[in-house]
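Structural description and commentary
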Amino acid sequence: MSGQDHGDDGVSRRKVLECMTWAGTGVLWTVTGGVPRSLGIIDSAQAATAAAPGMSFLQISDSHVGFDKPANPNALGTLEEAVNKINAMPAKPSFMIHTGDITHLSKAAEFDNAERIISQTKLDVHYVPGEHDFIDEEVKLYRERYGRGTKGHGWYSFDAGGVHFVGLVNVVDLKAGGLGNLGAEQLAWLEDDLRGKSKSTPVVLFAHIPLWTVYPEWGWGTEDGGRALEYVKGFGSVTVLNGHIHQVMQKVEGNVTFHTARSTAFPQPAPGAAPSPGPMKVEDARLRSMLGVASINFKQNEQRLAIIDTPLQG
């Protein structure tokens, strides 16, 4: 599939985008009674006002510490800008989720630098790996730092504020074209993990590569993601948080809201808008408007969940 529109018999990029919301300055999502509703594109001040008080947490993604190419010669610096924005928030979040590609080349110094900056938030951080975090020769640096108490290649779950969180790993044994893969062992664990949970419990799944099919030609999807989503079908409120594609895309399918996050390092092109994915060079003045963080708010009594995307600038 290319970026061109095709005839009625083909799949056009326009049709792909019909079921997705592209966000600029920020998008606030609410889930009330298990029904997701978008309040539209808003600026961060409006978003902060609109978000109800309650348990909140942050998502950051794709820091790519160690990246120094023209798309962003200082990825560590823009990560620090993101952390400064987090530290300036008027209300301290409960914790933070990082949806992978902490580093660019899985080097010890890159993990050290990422930890030095991210720890300045003084928040508990729950990590899942990206494929760039698993390329050291012995594939051990990520696991030594973040794998304690996890299962398999690093999957785990925890509960916070009445929400059940599940961190999944879909960057091992990538499939054709780079599609993500969960594997039979992890899927069996997930089914068991969710067994016995009340269907009224809000569930948040987070993994690096989108669990939904965004653009398979670029590997932007998870081959067996549909099986994982089958296990959450009966829950009233499900949110799926991913990174990898370095841009905000959202869609709703029944009880499930899907959301991908901006990178703190560099943007990537929209699906089909370039010959291939990868770091996209933009004018320096535009770069920080295409990088950012996401804030998620949950109000237990109303099952209210809101996602606010905040760029580093703009």
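Report follows, based on the coordinates. (Residues numbered from 1 in each chain as written. Predicted model: local features only at pLDDT ≥ 70, side-chain atom pairs only at ≥ 80, totals over all residues. Heavy atoms only, no water.)

Moving on, we get to the overall build of the protein. Looking only at helices and strands, one finds 8 helices and 14 strands in the protein. Within the protein, buried positions represent 55% of all 314 residues. Counting only contacts in the protein whose residues sit at least 6 apart along the sequence, the fraction spanning at least 24 positions is 70%. Entry remark: accessible area of the protein is about 13000 Å², with carbon and sulfur atoms responsible for 50%. (Helix = DSSP H or I, 4+ residues; strand = E, 2+ residues; numbered from the N terminus. Buried < 20%, exposed > 50% of the residue type's maximum accessible area, 1.4 Å probe, protein only. Contact = heavy atoms within 4.5 Å. Areas by Shrake-Rupley, 256 points an atom, 1.4 Å probe, with all protein chains shown as cover.)

Mapped onto the secondary structure, His208 falls in the loop between strand E9 (203-206) and helix H7 (225-231). Taking the relative accessible area as the measure of exposure, His208 reaches 0% and is therefore buried. A polar side-chain atom of His208 sits 3.2 Å from a polar atom in the side chain of Asp101. Within polar-contact distance, the side chain of His208 engages the side chain of Glu131 at 3.1 Å. (Polar contact = N/O pair within 3.5 Å; in protein donor to acceptor, adjacent residues only side chain to side chain.)

With that out of the way, let us pick up the side chain of Asp136. With respect to the helices and strands, the residue Asp136 is situated in the loop between strand E6 (125-127) and helix H5 (141-146). Despite its burial, Asp136 pairs with no opposite charge, the nearest such side chain being Lys140 at 7.0 Å. At a separation of 3.2 Å, a polar atom in the side chain of Asp136 contacts the main-chain amide nitrogen of Leu141. Residues contacting Asp136, with those up to four places away along its chain left out, are Ser106 and Leu141. (Lys, Arg positive; Asp, Glu negative; His and termini not counted. Salt bridge = Lys/Arg side-chain N within 4 Å of Asp/Glu carboxyl O.)

What you see with strand E5 (residues 95-98) is no split at all: Phe95 and Ile97 on one side and Met96 and His98 on the other are buried throughout. Two elements, E5 and E6, share 3 bridges in a ladder whose sense is parallel. Within the sheet, the bridge partner assigned to His98 lies in E6 and is Tyr127. Traced from E5 through helix H4 (residues 108-118) to E6, the parallel crossover comes out right-handed. (Pairing = 2+ DSSP bridges. Right-handed = clockwise from strand over helix to strand, strands pointing away.)

Below, the discussion takes up the environment of Gln186. Here Gln186 lies in helix H6 (residues 184-194). By relative accessible area, Gln186 is classed as buried at 1%. Note: C-alpha distance between Gln186 and Tyr156 (30 residues apart in sequence) is 9.7 Å. Sequence-distant contacts of Gln186, defined by excluding residues within four places in its chain, comprise Trp155, Leu168 and Val169.

Relative orientation of the contacting elements helix H3 (residues 75-87) and H4 amounts to 25 degrees, with a least axis distance of 9 Å. Relative to H4, H3 is oriented roughly parallel. Handedness of the H3/H4 crossing: right-handed. Every residue of H4 that contacts H3 at Leu76, Leu79, Glu80 and Val83 is listed here: Asn113, Ala114, Arg116, Ile117 and Ile118. (Axes fitted to C-alpha atoms, helices over the stretch in contact; angles between N-to-C directions. Parallel < 35°, antiparallel > 145°, perpendicular 65-115°, else oblique. Left-handed = near helix turned anticlockwise from the far one by under 90°.)

In a structure, side chains of opposite charge can pair up when their charged atoms sit close to one another. Enumeration over the complete set of coordinates arrives at 11 salt bridges. Notably, a salt bridge pairs Arg286 with Glu283, separated by 3.4 Å at the nearest N-O pair. With relative accessibility at 40%, the residue Arg286 sits in the partly exposed group.

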